[in-house]
Amino acid sequence: MSSKVGDRTAEAREKIAGLAERLEELGAIEEPGEETTADVYHTIDRVYWDMCRQVLDEVVQGDYREKIVFPGDLSDFLCYGHAGLPQQEFLAASIERTKRFDQTQSPYRIVTVDSALTEACRRILLVDEVRRLSEERQEILRRIEEHPIRMERLFDGKMMLLDQVVRDAGTRERLRHQLTDWYSLLQPYIRMEKQVKDGGLSSRTERIRYIDFKERYTKLLEQAEEGLRIAGSSGGKMKQILEAMVEETQALVGMDKRLDEVTRELEKRSLEAEQINATQVRVGLEEEIAYLQSMAKMCAKWAQMPPLSIPLAQREVAEPLPIVETLAVIDEYDPGLFNHKVARKRGIPSILILPASGNGKYDWKNNRFLIPSLFPRTILESLASAAINYRDDVDRQSGDREMLNSFRETKEVRDLRSSIKIQNRLMDEYVNWIVKEAAGYQVMEKEIREWFEEHIGPDKNDVKLPKEYRTLSFKDIQAETERLAGIPESSDKYYRLAVLTSMKNKRDQEDQEAALRFIEKAVEQNASAPDYFYTLGILCRRTHKKKRATEAFRKYTQIAPQSWWSRKAQEHLVGL
């Protein structure tokens, strides 16, 4: 760390230490008109963000075009609000766990402020955009280079098939000549067709040439198809090869145009990137810091508490592993959270642990959850707040506000005239759903609970699906079933086979009976897995085995912790 950065860091820590002492002096007694603890919190927060901006002059140096380096102490200050105060000793263990977190084992990408600033730096320098364009260009060139090889293989395959199925030598030779002539016209003709579609032909000579090409191409194609028809049943295979050659050539013609577009854009962006200097980088990073500060204020406002980025007393702080485990809980009781076209297009949001106080929020601009390191109650409530904020933004982007309008029709909110009030009620109820109803505590009005069970929660009448099975197609189910067949026997294998088999056709009794046999094998090998018994109960219901269903659901309620699922198992018992 440079001496200038060290001096600024020491100065900031000294200010924060003095403010921390002032907080202790104020205690719980605040005189009207005097400075309050909230005032001091605001001052500490301002010192933190000012410090973040000040150090940018020093960290944007050296090889900043590939990455910016934050020295250890500075990184801890930026990412965790660690100012080296005696009352912050507890933070050391949390920081160490965060740094040791294995990102490769997480289904979610978790970043800290230094990573966010590095990403912002790369964005300002156009590093990733230039790399993306370069990689796309290389891929197009590779496909263009391989095009003749693929076409030759298709053509040779067609000729070999022709030799096998056409007995008459004269007919075979005639078809060979027709197909060879057709092949020689294929690429020029498709290029002309594309030229016509993209803007027409500019001269009379070109139009005459196009008409001539089209007549010859069409005649040869008709002759080839007639010959293929004569070839009988195998003619269908050759026609498929012919169609594949047409598609391949059309793709090549499209790639030529895309290559020109990507090359021009790559040259433009590369030139822009070379002209970006350190001052522009610093200004861009200062804007990023200001943006993070504004998001931190919104997180605090979201939880109705003063903003604070510096933890000044021992407490639980947000860490990667608890975040991942908590998101798994939310995902269980909101299986559609990331299962929609927006997530498929933009990707699952990343998670930024932000030195701030408050509840989680969704940052649409960067497609990420902002999770304050200091949360008012539990990490579950903070993440649930971010999740419903994300759901609301996705619902807003859909245009028709399907989720909000559906919720509006519930009896308890029907009389609310303001969309803002309905939206706030939905967000509050979502947190109740994730934090309390999921844990088995009934705190919602009946109709609102029913709405959440229909529109948000999992299907109580279905087997308990592993997360990765939710969006499988029939083809995927077949492939996964074949994969499982080749692995050693285990209770998990039979449980998964039961789930997959049940998914094929829920109304087919043979499929459900087969699924039941698999889940029974799973239970035989492991009689302590609650999910097995819930699935067993559902499959027994589907196959009209009420007594065995009753035993399975009763067993589930005995071994499973209290939860929404336990209540659903009890409802199944009442209905049997």
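Below, the structure is looked at part by part.

How each quantity is defined
Residues numbered from 1 in each chain as written. Predicted model: local features only at pLDDT ≥ 70, side-chain atom pairs only at ≥ 80, totals over all residues. Heavy atoms only, no water. Helix = DSSP H or I, 4+ residues; strand = E, 2+ residues; numbered from the N terminus. Buried < 20%, exposed > 50% of the residue type's maximum accessible area, 1.4 Å probe, protein only. Contact = heavy atoms within 4.5 Å. Areas by Shrake-Rupley, 256 points an atom, 1.4 Å probe, with all protein chains shown as cover. Expected span 1.5 Å × (residues − 1). Pairing = 2+ DSSP bridges. Salt bridge = Lys/Arg side-chain N within 4 Å of Asp/Glu carboxyl O. Axes fitted to C-alpha atoms, helices over the stretch in contact; angles between N-to-C directions. Phe/Tyr/Trp six-rings, centres within 6.5 Å; stacked < 30°, edge-to-face > 60°. Core = buried A, V, L, I, M, F, W, Y, C linked by side-chain atoms within 4.5 Å. Parallel < 35°, antiparallel > 145°, perpendicular 65-115°, else oblique. Left-handed = near helix turned anticlockwise from the far one by under 90°. Nonpolar A, V, L, I, M, F, W, Y, C, P; charged D, E, K, R; others polar.

## What to know about the overall build of the protein
Right, so step 1: Secondary structure assignment for the protein yields 23 helices and four strands.
Right, so step 2: In the protein, buried positions account for 46% of the 576 residues.
Right, so step 3: Nonlocal contacts in the protein, meaning residues at least 24 apart in sequence, comprise 69% of its contacts between residues at least 6 apart.
Right, so step 4: Summed over its atoms, the accessible surface of the protein is roughly 30000 Å², and 48% of this surface lies on carbon and sulfur atoms.

## Let's talk about helix H6 (residues 113–124)
Right, so step 1: Between its first and last C-alpha, H6 extends 16 Å over 12 residues, near the 16 Å set by a 1.5 Å rise per residue.
Right, so step 2: What H6 keeps buried is the set Val113, Asp114, Ala116, Leu117, Thr118, Ala120, Cys121 and Arg122.
Right, so step 3: Where H6 ends, the next residue or the one after it, Leu126, has phi of about 60°, a positive value.

## Notes on the pairing of strand S4 (residues 368–374)
Right, so step 1: Counted residue by residue, S4 has seven buried out of seven residues, so it is predominantly covered.
Right, so step 2: Sheet analysis places strand S2 (residues 350–357) next to S4, joined by six bridges and oriented parallel. In the sheet register, Ile353 faces S4, and the bridge partner there is Ile371.
Right, so step 3: In this structure, the hairpin formed by strand S3 (residues 361–363) and S4 is closed by a connection of four residues, where Asn367 is found at a positive phi of approximately 50°.

## Notes on the pattern of salt bridges
Right, so step 1: Summed over the entire model, instances satisfying the criterion amount to 40 salt bridges.
Right, so step 2: One salt bridge connects Arg123 with Glu288, and the closest N-O pair in it is separated by 3.3 Å. Of the two residues, Arg123 is situated in helix H6 and Glu288 in helix H11 (residues 278–302); the sequence distance between them amounts to 165 residues.
Right, so step 3: With a closest N to O distance of 3.9 Å, Arg396 and Asp393 form a salt bridge. Separated by three residues within a single helix, Arg396 and Asp393 lie in helix H14 (residues 379–397), roughly one turn from each other.
Right, so step 4: Here Asp393 falls in the buried class, since its relative accessible area comes to 14%.
Right, so step 5: One salt-bridge network, in which partners are shared between bridges, spans Asp392, Asp393, Asp395, Arg396 and Arg401.

## Looking at the pairing of S2
Right, so step 1: Where burial is concerned, most of S2 is hidden: eight out of the eight residues are buried.
Right, so step 2: Side chains of S2 alternate between two faces, with Ser350, Leu352, Leu354 and Ala356 and Ile351, Ile353, Pro355 and Ser357 buried alike.
Right, so step 3: Pairing of strand S1 (residues 110–111) with S2 involves two bridges; the strand directions are parallel. The residue bridging Ile110 from the neighbouring strand is Ile351, located in S2.

## Some thoughts on the sheet that holds S1
Right, so step 1: Taken in spatial order, the four strands of this open sheet run S1-S2-S4-S3, and their pairing is mixed. In the strand order of this sheet, the two ends are held by S1 and S3, each with one partner.
Right, so step 2: Most of the contacts of H11 go to S2, to which it runs at about 75°, and overall it touches S2, S3 and S4.
Right, so step 3: Strands S1, S2 and S4 of the sheet are contacted by helix H12 (residues 320–333), whose axis makes an angle of about 120° with S2.

## Focus: the environment of Leu78
Right, so step 1: Tracing the backbone shows Leu78 in helix H4 (residues 72–80).
Right, so step 2: By relative accessible area, Leu78 is classed as buried at 1%.
Right, so step 3: In this structure, the C-alpha to C-alpha distance between Leu78 and Asp114, residues 36 residues apart in sequence, is 6.8 Å.
Right, so step 4: Sequence-distant contacts of Leu78, that is, excluding residues within four places in its chain, are made with Tyr48, Cys52, Phe70, Val113 and Pro355.

## Some words on the packing of aromatic side chains
Right, so step 1: Scanning the entire structure with this criterion turns up 21 aromatic pairs.
Right, so step 2: For the pair Tyr333 and Trp564, a centre-to-centre distance of 6.4 Å together with 90° between the ring planes defines the contact as edge-to-face. With a gap of 231 residues between them, Tyr333 in helix H12 and Trp564 in helix H23 (residues 564–575) connect regions that are remote in the sequence. The same class applies to Tyr333 as to Trp564, namely buried.
Right, so step 3: Both rings, one in Trp451 and one in Phe452, keep their centres 5.0 Å apart while their planes meet at 80°; by these two values the pair is edge-to-face.

## Re the side chain of Arg542
Right, so step 1: By the secondary structure assignment, Arg542 is in helix H21 (residues 530–542).
Right, so step 2: Among all residues touching Arg542, those that are not within four sequence positions of it are Asn461, Asp462, Val463, Ser502, Lys506, Gln509 and Gln512.

## Remarks on the nonpolar core
Right, so step 1: In terms of nonpolar packing, the biggest core is built from 76 residues, with Ile323, Ile330, Phe369, Ile371, Tyr430, Phe452 and Ile519 touching the most fellow members.
Right, so step 2: The element that contributes the greatest number of residues to this core is H14, accounting for nine residues.
Right, so step 3: Filtering out sequence-adjacent residues up to four positions away, Ile519 remains in contact with Tyr494, Tyr495, Ala498, Tyr532, Thr535, Leu536 and Leu539.
Right, so step 4: Core analysis: the next-biggest nonpolar cluster, separate from the first, contains 58 residues, Leu74, Ile95, Tyr291 and Ile310 among them.

## Description of the packing of H14 against helix H16 (residues 419–437)
Right, so step 1: For the pair H14 and H16, interaxial distance at closest approach is 9 Å and the crossing angle is 135°. Of the possible angle classes, the one that applies to H14 and H16 is oblique. For the pair H14 and H16, the sense of crossing is right-handed. Residues Leu380, Glu381, Ala384, Ser385, Ala387, Ile388, Asn389, Arg391, Asp392 and Arg396 of H14 lie in contact with H16, whose contacting residues are Gln423, Leu426, Met427, Tyr430, Val431, Ile434 and Val435.
Right, so step 2: Residue classes in the contact of H14 with H16 are distributed as 10 nonpolar, three polar and four charged.

## As for the environment of Pro458
Right, so step 1: Summarising the element assignment, Pro458 is placed in the loop between helix H17 (446–455) and helix H18 (474–485).
Right, so step 2: Linking Pro458 and Trp565, residues 107 residues apart in sequence, is a C-alpha distance of 9.5 Å.
Right, so step 3: Residues within four places of Pro458 in sequence aside, it is in contact with Glu332, Tyr333, Pro335, Glu453, Trp564 and Trp565.

Function cannot be inferred from these measures alone, as they are strictly geometric.
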